Amino acid sequence: MTFFCIADKESSLGFMLSGIETREVGSRSDALEALKVALATEDAGVLLVTEKAASFLKEELDNLMYKNQKPLILELPSRGRFKKRSSVGDYLKDIIGVSI
């Protein structure tokens, strides 16, 4: 099982340098194409999506998260954008939708 990343231009370099297959997106059409590639990659078990990239794919990602077991979809903060979270529990709730 491997990682696949859909990221905005500012955030993509770090993922690429770490060896994760990464698609850089700057528009909705780019993001949809990257999502299509990610879902066609059979061994991609974890899909990392930055906040900026996820903003282009909100509806599609929501549908995938609730209908499919694979890949696991994790939304990560984009580079330079920091949301203040009050606790780890809040962070997990945002990611997986479970309150701890």
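Because the structure is predicted, anything quoted here is derived from the model rather than measured.

(A) Fine view of the overall build of the protein. When helices and strands are tallied, the protein shows five helices and four strands. Each helix (α) and strand (β) of the protein, taken in turn from the N terminus, gives the series β-α-β-α-β-α-α-β-α. When contacts within the protein are restricted to residue pairs at least 6 apart in sequence, those whose partners lie at least 24 apart make up 63%. Looking at the protein as shown, the accessible area adds up to about 6,600 Å², and 55% of this sits on carbon and sulfur atoms.

(B) Representation of a nonpolar patch on the surface within the structure. Nonpolar side chains collect at one region of the surface, where L13, M16 and L17 lie side by side and expose about 330 Å² of accessible area between them. Assignment of secondary structure puts M16 in helix α1 (residues 9-17). Look at M16 and you get partly exposed, because its relative accessible area is 39%.

(C) Representation of α1 in the model. Of all the positions in α1, only S11, S12 and F15 are classed as buried. With its buried residues spanning 110° around the axis, α1 presents them on a single face. The exposed set on the far side of α1, more than 90 degrees from its buried face, consists of K9, L13 and L17. Packing partners of the buried residues in α1 comprise β1 (2-8), β2 (21-25), β3 (44-50) and β4 (72-76). Backbone geometry just downstream of α1 places G19 in the positive-phi region, at approximately 90°.

Scoring rules and cut-offs
Residues numbered from 1 in each chain as written. Predicted model: local features only at pLDDT ≥ 70, side-chain atom pairs only at ≥ 80, totals over all residues. Heavy atoms only, no water. Helix = DSSP H or I, 4+ residues; strand = E, 2+ residues; numbered from the N terminus. Contact = heavy atoms within 4.5 Å. Areas by Shrake-Rupley, 256 points an atom, 1.4 Å probe, with all protein chains shown as cover. Patch = residues over 30% accessible without salt bridge, like charges linked within 9 Å, V, L, I, M, F, W, Y side chains within 5 Å. Salt bridge = Lys/Arg side-chain N within 4 Å of Asp/Glu carboxyl O. Buried < 20%, exposed > 50% of the residue type's maximum accessible area, 1.4 Å probe, protein only. Arc of directions from axis to C-beta.

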